[in-house]
Amino acid sequence: PAKSSRVLMAYHKVKFYKSDMQGKCDSLIFSYKDSTMQLYTDPVLWADKNQLTSDSITIYTYDGKMKSMDLKTNAFMTSQEDSFRFNQIRGKSMHGIFANNELRRINVNGNGQTIYYAKDKDAMIGVNKTDCSNMIILIKENKIDRITFITKPDATLFPIEELSPKDLLLRDFKWHGHLRPINRYAIFE
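One structure accompanies this document, and this report is about it.

Calculation criteria
Residues numbered from 1 in each chain as written. Predicted model: local features only at pLDDT ≥ 70, side-chain atom pairs only at ≥ 80, totals over all residues. Heavy atoms only, no water. Salt bridge = Lys/Arg side-chain N within 4 Å of Asp/Glu carboxyl O. Buried < 20%, exposed > 50% of the residue type's maximum accessible area, 1.4 Å probe, protein only. Phe/Tyr/Trp six-rings, centres within 6.5 Å; stacked < 30°, edge-to-face > 60°. Helix = DSSP H or I, 4+ residues; strand = E, 2+ residues; numbered from the N terminus. Patch = residues over 30% accessible without salt bridge, like charges linked within 9 Å, V, L, I, M, F, W, Y side chains within 5 Å. Areas by Shrake-Rupley, 256 points an atom, 1.4 Å probe, with all protein chains shown as cover. Contact = heavy atoms within 4.5 Å.

A full pass over the atoms with the stated rule returns six salt bridges. Here aspartate 82 makes a salt bridge to arginine 85, at a shortest N to O gap of 2.8 Å. According to the relative accessible area criterion, aspartate 82 is partly exposed, its value standing at 23%. Where salt bridges share partners, they join Arg90, Arg171 and Asp172 into one cluster.

Below you can see the structure in the form of structure tokens.
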């Protein structure tokens, strides 16, 4: 068959490893025609310190490099701050943009919420909880650099000790760090 009509399909407990991105899902489809990879049924992607989940994820590539991705329905981005604290962003959907295979920007569309630990140099000064319909997240050196709240933000900076552990987690939060393939051999475990 012509290259444009080839499709790779993988089913049941799919894992993949690339030095700059790892993932797992139940079903994966890669189309050679448009270089898209679609992940279905509980997909999880890890891009450096960030974990991304959604009902389904589509990754767009060009010349072997990631260009963008769509997290459709129940999109969630999490990064671990320390052993029990997590920066979290959720929304109806998210659109991520890559540069040089590194995630650089995420647009959150609809029902955006964040829990983000504010720091002054290396010391935590509080936790910022925000509700905002749409937002833009800029990522620099694999960390959230800036969040721009677009539509009707409602934000509060709390002292960390003022909130209970339950208040520090957004609805549907799940950390899947134990499932992350740590090298190319781990995809067979």
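Having seen the structure, we can now continue with the description.
On to the packing of aromatic side chains, then. The description of two aromatic rings rests on the distance between their centres and on the angle between their planes. Taken as a whole and assessed by the stated rule, the structure comprises four aromatic pairs. Ring geometry for phenylalanine 86 versus tryptophan 175: centroids 5.0 Å apart, planes at 45°, classification tilted. Note that phenylalanine 86 is positioned in strand S8 (residues 86–99) and tryptophan 175 in the segment after strand S12 (154–158), a separation of 89 residues in sequence. With relative accessibility at 25%, the residue tryptophan 175 sits in the partly exposed group.

A cluster of nonpolar side chains, namely Val7, Met9 and Tyr11, defines an oily patch on the protein surface of about 310 Å² accessible area. Mapped onto the secondary structure, tyrosine 11 falls in strand S1 (residues 7–18). Exposure remark for tyrosine 11: the relative accessible area of 49% places this residue in the partly exposed category.

A few words on the environment of valine 7. Position of valine 7 among the secondary structure elements: in strand S1. The class for valine 7 is partly exposed, based on a relative accessible area of 45%. Residues valine 7 and threonine 36 lie 29 residues apart in sequence; the distance between their C-alpha atoms is 9.9 Å. When residues no more than four places from it in sequence are discounted, the contact partners of valine 7 are Ile29, Phe30 and Tyr32.

Non-glycine residue lysine 13 carries a positive phi angle of around 60°. Among the secondary structure elements, lysine 13 is positioned in strand S1. We note that asparagine 111 has phi near 50°; this positive angle belongs to a residue other than glycine. Along the chain, asparagine 111 turns up in strand S9 (residues 102–120).

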